[in-house]
Amino acid sequence: MSSNSLTITDNRTGKQYEIPIENGTIRTMDLRKIKVADDDFGLMGYDPAFTNTASTKSNITFIDGDKGILRYRGYPIEQLAGKCTYLEVAYLILHGELPTEAQLKNWNWNITHHTFINENIKKVLDGFHYDAHPMGIFISTVSALSTFYPDAKNIFDAENRHKQIYRLIAKVATIAAFAYRHRIGLPYAYPDNDLSFTGNFLNMMFKTSELKYQPNPVLERALDVLFILHADHEQNCSTNSMRGIGSSHVDPYSALAGAAAALYGPLHGGANEAVLRMLSEIGTVDRIPEYIKRVKEGNFKLMGFGHRVYKNYDPRARIIKQVADEVFEVTGKDKLLDVALELERIALDDEYFVKRKLYPNVDFYSGIIYKAMGFPVEMFPVLFAIPRTSGWIAQWEEMLLDPEQKIARPRQVYLGSDERDFVPMENRNPS
Ligand code: CMC
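Draft legend 1. Region of the structure containing the sheet that holds strand E5 (residues 75-76). The strand order across the open sheet formed by 3 strands is E3-E4-E5, and the pairing between neighbours is antiparallel. The sheet is open, and its two edges are formed by strand E3 (61-64) and E5, each paired on a single side. Where strand E4 (residues 69-72) meets E5, 2 bridges bridge the pair, whose relative direction is antiparallel. Along E5, the bridge assignment pairs arginine 71 with proline 76.

Given below as structure tokens:
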């Protein structure tokens, strides 16, 4: 008997089974041989919300939630955030290695030269109501891209996939900025290919009558760091959606629209928007204890706190706090920062949060920085979606090329009615 295995005794039958252990996991398909009779379906695992189920092997992102460690392709997030641009990190996430100077130049050129969108996409954007949420516009417009690039269906052609990857990373920023401009009724500002990825994004967001928009270098760099921190985060809700939808072999635009929809929810990427609304509602430091009391009574959650994986300080939140200082030097300090700092101090000292290992996550401070930089709160989830696009497509490509992956299709435990006969309308009783 291998020592790297699990011996299971089925007390229903007295039979013993040996299940191999590989990479700290068992294959739940191995449980199927555990049966009480030949015609028994066999044992399954029951794991609502996948809290203890690995759905894939991956080489992209590593998280140690207990120690608060995050690495992309082995590189600590702190080093990448300190030394790279977002596009350099996007290259790393997608290709597995940091680019050489020539590779980075080529990569930047390709992304930069895919930032323009077909003029007809503007007509799609124009169809939205003036106060449409930019994340709703973003999701729908990314989905609409699949109709502009029908060749994207050739997902097993590597060259074709690369073209869609350039398009997606580049065009999500343009769509995001155009969604904002549409909402406030300003003419769309076209991409400026002389600028960096983040500099151009600021240009498309905020350019007005100047001939050439000059991004503030501190804010441009801060946005790069924020984008690096948001680029990937292994098998979270939206990435799982990207892989799940992509496993049907649909084109990447349709899959990415679904992933962005998953991100929109307040428990995921919509949390940054919810944090800012929460901080504004609290308003002043003296109202924090009452707010915390209501959280502990179970009335609502403290947004920007807690994480499925991190049971320690989210390393991204630590880096964001440093970025905040640099941004506030330029923009002036936001009064909500004092509320956030005090809220964090009180929560980290409170038994309720300590016992449950609830720490600030990436969304707790990002919104305050975005607000100081002039982004309206509705744009916050969109700002999350732009860089997460590189992570989504890296995970999508890894899934497509993984010979063990198939169409994602979980099982269920059926607890509904047993077979019963149809009841004619006149015989039905209101339940
Ligand atoms: N405020 C108050 N209590 C909380 C919070 C919170 N933010 N988060 C978790 N808890 C409590 C929860 O009620 C439960 O208590 P009990 O054991 O008494 O029932 C306990 O902590 C364990 O929480 P859980 O709900 O089992 O944790 P989860 O892994 O299912 O949920 C989460 C993770 C992020 C959805 C959750 O912590 C949450 O809703 N946080 C607020 C929303 C938020 O900030 N989301 C952004 C996540 S980070 C960015 C991203 O990747 O999307």
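Draft legend 2. Just the packing of aromatic side chains, in detail. Taken as a whole, this structure holds 21 aromatic pairs when the rule is applied. Taken together, a centroid distance of 6.1 Å and an interplanar angle of 15 degrees make the contact between phenylalanine 201 and phenylalanine 375 stacked. Of the two residues, phenylalanine 201 is situated in helix H7 (residues 197-206) and phenylalanine 375 in the loop between helix H16 (362-372) and helix H17 (380-401); the sequence distance between them amounts to 174 residues. Residue phenylalanine 201 is classed as buried on the basis of its relative accessible area, which comes to 0%. Its relative accessible area of 2% is what places phenylalanine 375 among the buried residues. With centroids separated by 4.9 Å and ring planes inclined at 35 degrees, the aromatic side chains of tyrosine 291 and phenylalanine 300 adopt a geometry described as tilted. Relative accessible area serves as the criterion here: at 9%, tyrosine 291 is assigned to the buried category.

About the cut-offs
- Residues numbered from 1 in each chain as written.
- Predicted model: local features only at pLDDT ≥ 70, side-chain atom pairs only at ≥ 80, totals over all residues.
- Heavy atoms only, no water.
- Pairing = 2+ DSSP bridges.
- Helix = DSSP H or I, 4+ residues; strand = E, 2+ residues; numbered from the N terminus.
- Phe/Tyr/Trp six-rings, centres within 6.5 Å; stacked < 30°, edge-to-face > 60°.
- Buried < 20%, exposed > 50% of the residue type's maximum accessible area, 1.4 Å probe, protein only.

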